[in-house]
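Survey of secondary and tertiary structure
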Amino acid sequence: MTNTDTQAPAPRPPGKRGEYLVVLQFLLMAVFIATPVWPESAQAAFPAGATPLGWTVLVLCWSAALLLGGLGSHHIREYLTPLPYPVDHSRLVTTGVYALVRHPLYASQLLAALGWAVFSTSLSHLLLLLVALGFFSFKASKEERWLTEKHPEYADYAKKVKKFIPWIY
């Protein structure tokens, strides 16, 4: 979907396109990976969540995360950037996986983290997942303001399509 009548906002100088959000995102991912499973006693009977349910949740979440992230990246491949600020030549994409959620790349990371938290029965990772949900909600809101500046029709799209979880949130 394109709005060719809309003038693109002036390009932002380095440091004003959400670079700090990208750094925070990578720090959050590093903390998530480095954090030990807590409580350790939850894994005594089944180390590393090696229960049939744990494995099922892990495989389902990680498969869905790969699919969501892969499709999301594919649909915006020409406009994909690590920064939340849209590239100058971007067009609003509302089809494919973007018809289900507005931020499939963020949702895929949250799904992968959920899979690990359940698999490892880790309260520490569940807490970090909640922090990540807050962080991605903040980052998405910032990105959506910029997208609305560039593509005024984004506001109508956001009213119809949920942020991370289809039909829910």
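These numbers come from a predicted model, not from an experiment. (Residues numbered from 1 in each chain as written. Predicted model: local features only at pLDDT ≥ 70, side-chain atom pairs only at ≥ 80, totals over all residues. Heavy atoms only, no water.)

Now for the overall build of the chain. In terms of helices and strands, the chain carries five helices and zero strands. Listed N to C, the secondary structure of the chain is α-α-α-α-α in terms of helices and strands. When burial is assessed residue by residue, the chain has 39% of its 169 residues classed as buried. Taking contacts inside the chain between residues at least 6 apart in sequence as the whole, the part at least 24 apart equals 81%. (Helix = DSSP H or I, 4+ residues; strand = E, 2+ residues; numbered from the N terminus. Buried < 20%, exposed > 50% of the residue type's maximum accessible area, 1.4 Å probe, protein only. Contact = heavy atoms within 4.5 Å.)

This part takes up the pattern of salt bridges. On inspection of all chains with the given rule, the structure shows two salt bridges. A salt bridge links Arg 17 to Glu 19, with the nearest nitrogen and oxygen atoms 3.3 Å apart. By relative accessible area, which is 27% here, Arg 17 ends up partly exposed. The partner of Arg 102 in a salt bridge is Glu 144, and the shortest N-O contact between them spans 2.6 Å. Placement of the pair is Arg 102 in the loop between α2 (52-75) and α3 (104-119) and Glu 144 in helix α4 (residues 123-150), with a sequence separation of 42 residues. Looking at Glu 144, the relative accessible area reads 11%, which means it is buried. (Salt bridge = Lys/Arg side-chain N within 4 Å of Asp/Glu carboxyl O.)

In this structure, the largest pocket occupies an estimated 580 Å³ of space. Taken together, 31 residues make up the lining of the largest pocket; nearest its centre are Ile 76, Leu 80, Thr 81, Leu 105 and Glu 143. Mapped by element, the contributors of at least two residues to the lining of the largest pocket are α1 (19-34), α3, α4 and α5 (154-160). The residue makeup of the lining of the largest pocket, split by class, is 21 nonpolar, six polar and four charged. (1 Å grid on protein atoms, 1.4 Å probe; cavity = no way out; pocket = protein on both sides within 12 Å on 5 of 7 lines; lining within 4 Å. Points joined across faces, edges and corners; volume = space filled by probe spheres on them. Nonpolar A, V, L, I, M, F, W, Y, C, P; charged D, E, K, R; others polar.)

Tallied over the full model, the rule gives seven aromatic pairs. Aromatic pair Phe 135 and Phe 136: ring centres 5.4 Å apart, planes at 70°, arrangement edge-to-face. Taking the relative accessible area as the measure of exposure, Phe 136 reaches 4% and is therefore buried. Look at Tyr 154 and Tyr 157: their rings are 5.4 Å apart centre to centre, the planes differ by 70°, and that puts the pair in the edge-to-face class. Of this pair, Tyr 154 and Tyr 157 both sit in helix α5, three residues apart, roughly one helical turn. Comparing Tyr 154 with Tyr 157, the two get one shared label, buried. (Phe/Tyr/Trp six-rings, centres within 6.5 Å; stacked < 30°, edge-to-face > 60°.)

Let us now look at a nonpolar patch on the surface. Taken together, the side chains of Leu 100, Leu 127, Leu 130, Val 131, Leu 133, Ile 165, Trp 167, Ile 168 and Tyr 169 define a hydrophobic patch exposed on the protein surface, amounting to about 950 Å² of accessible area. By the secondary structure assignment, Leu 133 is in helix α4. When its relative accessible area of 32% is taken as the criterion, Leu 133 is described as partly exposed. (Patch = residues over 30% accessible without salt bridge, like charges linked within 9 Å, V, L, I, M, F, W, Y side chains within 5 Å. Areas by Shrake-Rupley, 256 points an atom, 1.4 Å probe, with all protein chains shown as cover.)

Attention now goes to the nonpolar core. One finds Tyr 98, Leu 110, Phe 136 and Phe 164 to be the most contacted residues of the largest nonpolar core, which totals 27 residues. Looking at this core, the elements with two or more residues in it are α1, α3, α4 and α5. Examining the composition of this core, we find that seven residues originate from one element, α4, more than from any other. Residue contacts for Leu 110: discarding those within four places in its chain leaves Leu 129, Ala 132, Leu 133, Phe 136 and Phe 164. (Core = buried A, V, L, I, M, F, W, Y, C linked by side-chain atoms within 4.5 Å.)

The next point concerns unusual backbone geometry. Residue Pro 39 is reached from Trp 38 by a cis peptide bond, and omega for that bond is 0°. Mapping Pro 39 onto the fold places it in the loop between α1 and α2. Despite not being glycine, Thr 121 has its phi angle at roughly 45°, a positive value. Thr 121 sits in the partly exposed class, given a relative accessible area of 38%. One non-glycine residue, Trp 167, adopts positive backbone phi at about 65°.

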